[in-house]
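# Analysis of the macromolecular model
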Amino acid sequence: MAEIKVCENTKPEEVEFIKKMAEDSSLFCGEVESITYMPGGLTNRNFKVIVDGKPYAFRIAGEGTAEYLNRPAERQAVHAIKDLGISPMFYYYDLSTGSNICGFCEGDTMKRPDFQTRPEILKGAAEIIKKYHNSGIQQKGTFDPMVEIKSYIKWLEDRNCEKYYDGMEKLVSTLEEIDKNFEKNPPKKVCSHNDVLSENFIYDEENDNLQLIDWEYCGMNIYSFDVAAIIIENKLNKEKEEEFLRYYYGGEPTERQRADVLVGKFLVDALWCPWALVQMLSKPEEEEFYWNYGLERITRCNEYMADPNFDRYVAMMAEAE
């Protein structure tokens, strides 16, 4: 057996795990030749692995992630989107853990400045999101931000959390109002990614090809959640936000579409406020980091609620388009 070239950031037990994945997949005739750790994952460990002279992306799922992530839904989703040409092909998926093997995306991992300064990335991301939103694909899983937020708040209440952000009560009452309006006029749910961070986009400049990876939070959701997340997570200024919305909508957004986006932005940031408090209580050694993370989110929520159009836009959620 030839010696495997392994980068210094790969642990011995990970090498053995990767070798076993390659063997269990029954995809390969030869042996693993090299393993290179790819940084960036928060819960998983990702590697570029050369097998039979070809590169593949191996993901070792984080321990315990299968307990709160719908792995069968992710597997179904990546299979369903394979013909859209927006994401690498999956070859092997371990349902019990979420560890998998997929095609390796040649290119560069995108960062916030890429979305802020490169029109081709902004346009490409809008086209990818619009493509899967309009695909008609019915995912097995559902990602409902209202349900997620309620579960975090209940978790905090059950543990008698004493430290909340200023404006938290207003945030909760606004969420209740949005929820009531959604009950009156249930919004359409579409195939959604729900984690469209810049780092989940890979751009091959030579072939002008943008791909979206990491579908572990996927599920049916309102379309505006992904649209709003692109704007928020990449800190797009007003000019770039308008540019992105024109790419996505194919022209100037209507008043109702602007309402969807503003409410979507509120839901995206509102989701991570109680989440940050949960993390703060769970990891007291990182209290300052998580408190500041949530503080940034609720500060934006307060800005949304102060928007002169906000109350009118929330009321529009109860009206059929």
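Residues numbered from 1 in each chain as written. Predicted model: local features only at pLDDT ≥ 70, side-chain atom pairs only at ≥ 80, totals over all residues. Heavy atoms only, no water.

## Quick word on the nonpolar core
The criterion, for reference: As used in this record, nonpolar core signifies buried Ala, Val, Leu, Ile, Met, Phe, Trp, Tyr and Cys residues forming a set joined through side-chain atoms within 4.5 Å. Using a 1.4 Å probe on the protein chains alone, a residue whose accessible area is under 20% of its type maximum counts as buried, one over 50% counts as exposed, and one in between counts as partly exposed. Put simply, DSSP marks the helices as runs of H or I at least four residues long and the strands as runs of E at least two long, and each gets a number from the N terminus on. Whether two residues touch is decided by their heavy atoms; if any such pair falls within 4.5 Å, the residues are in contact.
Counting 80 residues, the largest nonpolar core has Phe115, Tyr132, Phe201, Phe244, Phe266 and Leu267 as the members making the most contacts within it. Looking at which element gives the most residues to this core, the answer is helix 9 (residues 255-282), with 15 residues. For tyrosine 132, the contacting residues outside a window of four places in its chain are Leu84, Ile86, Cys191, Ser192, His193, Val196, Leu212, Trp215 and Asp226. Membership of the second largest hydrophobic core comes to 17 residues, among which are Ile18, Phe28, Phe47 and Val51.

## Structural notes on the pattern of salt bridges
The cut-off we apply is this: A carboxyl oxygen of Asp or Glu within 4 Å of a side-chain nitrogen of Lys or Arg is what we treat as a salt bridge.
The final tally for this structure, using the stated rule, is 26 salt bridges. Residues lysine 240 and glutamate 243 are paired through a salt bridge, measuring 3.2 Å at the closest nitrogen-oxygen approach. One end of the pair is lysine 240 and the other is glutamate 243, both in helix 8 (residues 238-249) and three residues apart, which spans about a single turn. Exposure class is identical for lysine 240 and glutamate 243. Each is buried. Close ionic contact of arginine 258 with glutamate 252 constitutes a salt bridge, the shortest N to O distance being 2.7 Å. Overlapping salt bridges bring together Glu233, Lys235, Asp269, Glu296, Arg297 and Arg300 as one network.

## Examining unusual backbone geometry
One non-glycine residue, asparagine 194, adopts positive backbone phi at about 70°. Tracing the backbone shows asparagine 194 in the loop between strand 8 (190-192) and strand 9 (201-204). One non-glycine residue, aspartate 214, lies in positive phi territory at about 65°. Relative to the helices and strands, aspartate 214 resides in the loop between strand 10 (209-212) and strand 11 (219-221).

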